Amino acid sequence: MLSKEHKFKDSNGFIALCRPGFEKALAQEFYRWSGQKGMAGVCRADDRNGFVVFSASMPMDDLAAEAAPSWQRLIFARQVLPWFVQVTDLPAGDRLTPILAAVEQFPPEAVFEGIELAFPDSEAGRPLSRFCRRFEKPLTCALQERERLAPKGNPGEMLYGVFTDWSTVWLCHAPPGLAAPSASGIPRLRMPREAPSRSVLKLAEALLVLLTDKERQRFLKPGMKAVDLGAAPGGWSWQFAQYGIEVTAIDNGRIAPRVTATGMVHPIAADGFKWRPRRSVDWLLCDMVEQPSRIAELMAAWLARGDCRHALFNLKLPMKKRLAAIDDALARLRRRMGSQGGVELRVKHLYHDREEVTVYARALRGARRGRR
Ligand code: SAM
């Protein structure tokens with residue numbers, strides 16, 4: 001849990017990782033955040049390098065933890081870390097010495113729970129993956145010798161080194177609860193052998209990132225009902241069937257036999273924009289490739305009529321004005337649900353998302369519609 005008391009004293013800004021090609025959209029989100037919080041700063045966002053650096057042009061001492069631009073708050077960020085020092089010109093033969101010298105500049109009370117190294121998911125960043133794995137051990141030993149690491153079992157701030165190329169590292173530290181669980185923001189999910197397609201990983205990540213542990217327990221229960229619009233070949237339907245949820249799978253395309261063999265998935269060949277359920281369901285899933293505005297209107301109609309309580313869907317984004325397309329879609333949902341008690345919306349550009357974002361929407365009114 002993120003402590004409410006945490007302050008970003010001595011931090012110079014934030015470094016955030018994203019899918020290459022989405023740097024501008026992420027920088028736009030940083031500027032939106034800085035405008036809302038009155039935190040002046042500038043963003044460095046080079047096309048396709050997989051990261052954005054926000055440098056604050058004023059002290060961040062008074063920034064409250066809950067107001068920070070966390071990886072959950074920024075749609076396009078996979079990871080967001082407060083940075084303290086940028087170490088440049090690291091010599092290929094000895095990167096350790098200058099990094100340790102930089103850590104020595106931290107106040108003596110700065111003792112960390114551990115160190116994690118990260119890299120951007122870009123052409124330049126990916127070759128750093130192996131180096132980061134290997135370098136973590138000598139760095140940990142050296143930090144232990146200098147008493148910069150707390151004894152085991154003592155939870156505190158983690159120290160992070162974000163290598164943006166072979167000779168540059170950004171030293172960051174973050175309180176528990178602020179950073180994404182994986183340092184580089186890449187979730188480690190295993191593909192189940194029986195799964196019909198890789199899209200199950202996308203849904204698994206969505207449920208992990210967009211719902212809390214408690215919500216997954218409460219909202220995904222055996223005996224519940226779901227509708228999956230644009231279901232073929234059936235990855236999402238299969239995944240819901242694993243929770244014991246019965247799924248009506250709408251698609252003119254073929255649902256894979258191993259999905260129907262679960263006995264929990266019932267295919268119907270129909271147009272997802274026209275088909276409606278006879279009874280309300282717990283979940284609406286939608287992975288149809290369409291204009292975001294059209295998908296948003298469809299989701300809003302289901303939620304507003306009480307046809308479903310929860311919706312999980314993708315918004316396929318245009319190449320330009322991505323944030324504007326998301327804003328427009330969410331505004332449509334909020335407008336339509338305004339007179340219905342409102343809607344809770346959570347949006348994320350997941351690691352498994354390409355030119356799309358994943359949205360979780362929940363109708364806030366309690367009442368459910370019965371059989372028509
Ligand atoms: N989520 C699926 C899975 O996990 O296997 C993959 C869905 S695939 C990206 C998109 C699907 O949407 C295609 O099978 C396509 O036939 C379907 N689709 C597109 N427009 C549709 C429509 N109007 N009605 C029903 N299905 C539609």
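Residues numbered from 1 in each chain as written. Predicted model: local features only at pLDDT ≥ 70, side-chain atom pairs only at ≥ 80, totals over all residues. Heavy atoms only, no water.

Participant: For this particular structure, what's the right way to read the overall build of the chain?
Facilitator: A count of helices and strands for the chain gives nine helices and 14 strands. Relative to a compact globule of 372 residues, whose C-alpha radius of gyration would be 21 Å, the chain shows 23 Å and is just as compact. Taken across its 372 residues, the chain has 55% of its residues classed as buried. Summarising the internal contacts of the chain: among those between residues at least 6 apart in sequence, 67% fall at separations of at least 24. Carbon and sulfur atoms make up 50% of the accessible area of the chain, which amounts to about 17500 Å² in all. For the chain, the centre of its 56 positive side-chain charges and the centre of its 41 negative side-chain charges are spaced 9 Å apart. (Helix = DSSP H or I, 4+ residues; strand = E, 2+ residues; numbered from the N terminus. Rg over C-alpha atoms; globule rule 2.2 N^0.38 Å. Buried < 20%, exposed > 50% of the residue type's maximum accessible area, 1.4 Å probe, protein only. Contact = heavy atoms within 4.5 Å. Areas by Shrake-Rupley, 256 points an atom, 1.4 Å probe, with all protein chains shown as cover. Lys, Arg positive; Asp, Glu negative; His and termini not counted. Charge placed at Lys NZ, Arg CZ, Asp CG, Glu CD.)

Participant: Hey, could you run me through the site of the ligand in this one?
Facilitator: Ser 199, Gly 235, Asp 251, Gly 272 and Asp 287 are the nearest of the 16 residues found near the ligand. At 2.9 Å from a nitrogen atom of the ligand is found a side-chain nitrogen or oxygen belonging to Asp 271. Looking at the shell around the ligand, its residues break down into seven nonpolar, six polar and three charged. (Near = heavy atom within 4 Å. Polar contact = N/O pair within 3.5 Å; in protein donor to acceptor, adjacent residues only side chain to side chain. Nonpolar A, V, L, I, M, F, W, Y, C, P; charged D, E, K, R; others polar.)

Participant: Please explain the side chain of Asn 314 as it appears in this structure.
Facilitator: Examined against the element boundaries, Asn 314 turns out to sit in strand 12 (residues 308–316). Polar contacts involving the side chain of Asn 314 include one to the side chain of Asp 287, which spans 2.8 Å. Setting aside anything within four residues of it in sequence, one finds Asn 314 in contact with Lys 202, Trp 236, Cys 286, Asp 287, Ile 295, Asp 353, Glu 356, Val 357 and Thr 358.

Participant: What am I meant to see in the sheet that holds strand 8 (residues 225–229) here?
Facilitator: Here we have seven strands laid out as an open sheet, ordered 10-9-8-11-12-14-13, and mixed in their pairing. Every other strand in the sheet has two partners, leaving strand 10 (265–268) and strand 13 (343–348) as the edge strands with one partner each. Strand after strand, the sheet turns through a mean of 15° between neighbouring axes, direction not considered. Bridging between strand 12 and strand 14 (residues 356–363) involves seven bridges; their strand directions are antiparallel. Each residue of the ladder has a partner; that of Leu 312, found in strand 14, is Tyr 360. (Pairing = 2+ DSSP bridges. Axes fitted to C-alpha atoms, helices over the stretch in contact; angles between N-to-C directions.)

Participant: Please clarify how the environment of Glu 5 should be interpreted in this entry.
Facilitator: Checked against the element boundaries, Glu 5 lands in the segment before strand 1 (13–17). C-alpha separation for the pair Glu 5 and Leu 17, spaced 12 residues apart in sequence, amounts to 25 Å.

Participant: Got a minute to help me understand the sheet that holds strand 2 (residues 41–44) in this structure?
Facilitator: Two modes of strand pairing occur in sheets, parallel and antiparallel, and in both the strands are linked by backbone hydrogen bonds. Reading across from one edge, 2-3-1-4-7-6-5 is the order of the seven strands in this open sheet, with mixed pairing throughout. Looking at the sheet topology across the chains shown, the edges are occupied by strand 2 and strand 5 (114–118). In this sheet, neighbouring strand axes are inclined to one another by 30° on average, regardless of whether the strands run parallel or antiparallel. Bridge analysis of strand 5 against strand 6 (residues 158–165) gives five bridges, and the strand direction is parallel. Pairing of Glu 116 across the sheet is with Tyr 160, part of strand 6. Docked against the sheet, helix 2 (residues 96–104) engages strand 4 (79–87), strand 6 and strand 7 (168–174), running at close to 35° with respect to strand 7. Helix 3 (residues 128–145) contacts strand 5 and strand 6 of the sheet and is inclined by roughly 160° relative to strand 5.

Participant: Whenever I open this one, unusual backbone geometry confuses me. Can you help?
Facilitator: Residues other than glycine predominantly adopt negative phi, and peptide bonds predominantly adopt the trans conformation. For the bond from Ala 232 to Pro 233, the omega torsion is 5°, close enough to zero to count as cis. Position of Pro 233 among the secondary structure elements: in the loop between strand 8 and helix 6 (235–242). Not every positive phi belongs to a glycine, and Asp 89 is a case in point at roughly 55°. Structurally, the position occupied by Asp 89 is in the loop between strand 4 and helix 2. The phi dihedral of Lys 321 is positive, around 55°, even though this residue is not glycine. Topologically, Lys 321 is positioned in the loop between strand 12 and helix 9 (322–337).

Participant: Quick question: what am I supposed to make of the nonpolar core here?
Facilitator: Generally speaking, soluble globular proteins have nonpolar side chains that are buried together. Ranked by size, the top nonpolar core spans 77 residues in total, and within it Phe 14, Phe 30, Phe 76, Leu 229, Met 299 and Phe 313 carry the most contacts. With eight residues, the top contributor of residues to this core is helix 8 (residues 292–305). Beyond its immediate chain neighbours, meaning those up to four positions away, Phe 76 contacts Leu 17, Cys 18, Phe 22, Ala 25, Leu 26, Glu 29, Leu 317, Arg 322, Leu 323, Ile 326, His 349 and Val 357. (Core = buried A, V, L, I, M, F, W, Y, C linked by side-chain atoms within 4.5 Å.)

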